[in-house]
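Below are the chains, spelled out letter by letter.
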Amino acid sequence: QVQLVESGGGLVQAGGSLRLSCAASGRTFSNYCMGWFRQAPGKEREFVAAINLRAGITYYGDSVKGRFTISRDNPKNTVNLQMNSLKPEDTAVYYCAARQDRCGLRYTTRSQYDDWGPGTQVTVSS
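Computed from a predicted structure; not experimentally measured.

Analysis parameters
- Residues numbered from 1 in each chain as written.
- Predicted model: local features only at pLDDT ≥ 70, side-chain atom pairs only at ≥ 80, totals over all residues.
- Heavy atoms only, no water.
- Pairing = 2+ DSSP bridges.
- Helix = DSSP H or I, 4+ residues; strand = E, 2+ residues; numbered from the N terminus.
- Axes fitted to C-alpha atoms, helices over the stretch in contact; angles between N-to-C directions.
- Buried < 20%, exposed > 50% of the residue type's maximum accessible area, 1.4 Å probe, protein only.
- Phe/Tyr/Trp six-rings, centres within 6.5 Å; stacked < 30°, edge-to-face > 60°.

### Brief notes about the sheet that holds strand S3 (residues 18–26)
Spatially, S1-S3-S8-S7 is the arrangement adopted by the four strands of the open sheet, whose pairing is antiparallel. Taken across any chain shown, the strands that pair with only one partner, and hence form the sheet edges, are strand S1 (2–7) and strand S7 (68–73). Neighbour-to-neighbour, the strand axes of this sheet turn through a mean angle of 20°, independent of strand direction. Across six bridges, S1 lies against S3 in antiparallel orientation. Bridge pairing links leucine 4 to alanine 24 in S3.

Below you can see the structure in the form of structure tokens.
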């Protein structure tokens, strides 16, 4: 099992930027696929991005492509999400998740990830 803790959330104006970080501990970090999801009130949890920790290959949801960038720092056991050009519709609780298996756009549902952080709130004002 992997323990995950997110940080970096907050309040930002539309058009601004935020950087989220996910610190992992527990099982070997480099064998995992790490992802970011988000959930707005009354909505289902939505896939945002994922990264293959060994190869560094990245995957993005359509709503964030071109604005968000996921990256990894394996020695520090962290995964980051740089969010630029933020919009009010990006407001949500953002969750870091780990999957001990393949990464890719075929694996974008909540049930396909094994471990989750508690989440961090991101609020974008208009």
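After that view of the structure, there is still more to cover.
### Regarding the pairing of strand S4 (residues 33–39)
When you tally the buried positions in S4, you get six out of seven residues, the bulk of the element. For S4 and strand S5 (residues 46–52), the ladder comprises six bridges, and the chain directions are antiparallel. Paired with glycine 35 across the two strands is alanine 50, which belongs to S5. In this structure, the hairpin formed by S4 and S5 is closed by a connection of six residues, where glycine 42 is found at a positive phi of approximately 75°. Sheet topology note: the S4/strand S9 (residues 92–99) ladder contains seven bridges and is antiparallel. Each bridged residue has a counterpart across the sheet, and for phenylalanine 37 the counterpart in S9 is tyrosine 95.

### Some remarks on the packing of aromatic side chains
A full pass over the atoms with the stated rule returns five aromatic pairs. Pairing phenylalanine 37 with tyrosine 113 gives two aromatic rings, centres 5.0 Å apart and planes at 80°, and the pair type is edge-to-face. One end of the pair, phenylalanine 37, is in strand S4; the other, tyrosine 113, is in the loop between S9 and strand S10 (115–116), with 76 residues separating them in the sequence. Taking the relative accessible area as the measure of exposure, tyrosine 113 reaches 4% and is therefore buried. Ring centres of tyrosine 95 and tryptophan 116 lie 6.4 Å apart, and the angle between their planes is 80°; this geometry places the pair in the edge-to-face category. Within this pair, whereas tyrosine 95 is found in strand S9, its partner tryptophan 116 is found in strand S10, the two being separated by 21 residues in sequence.

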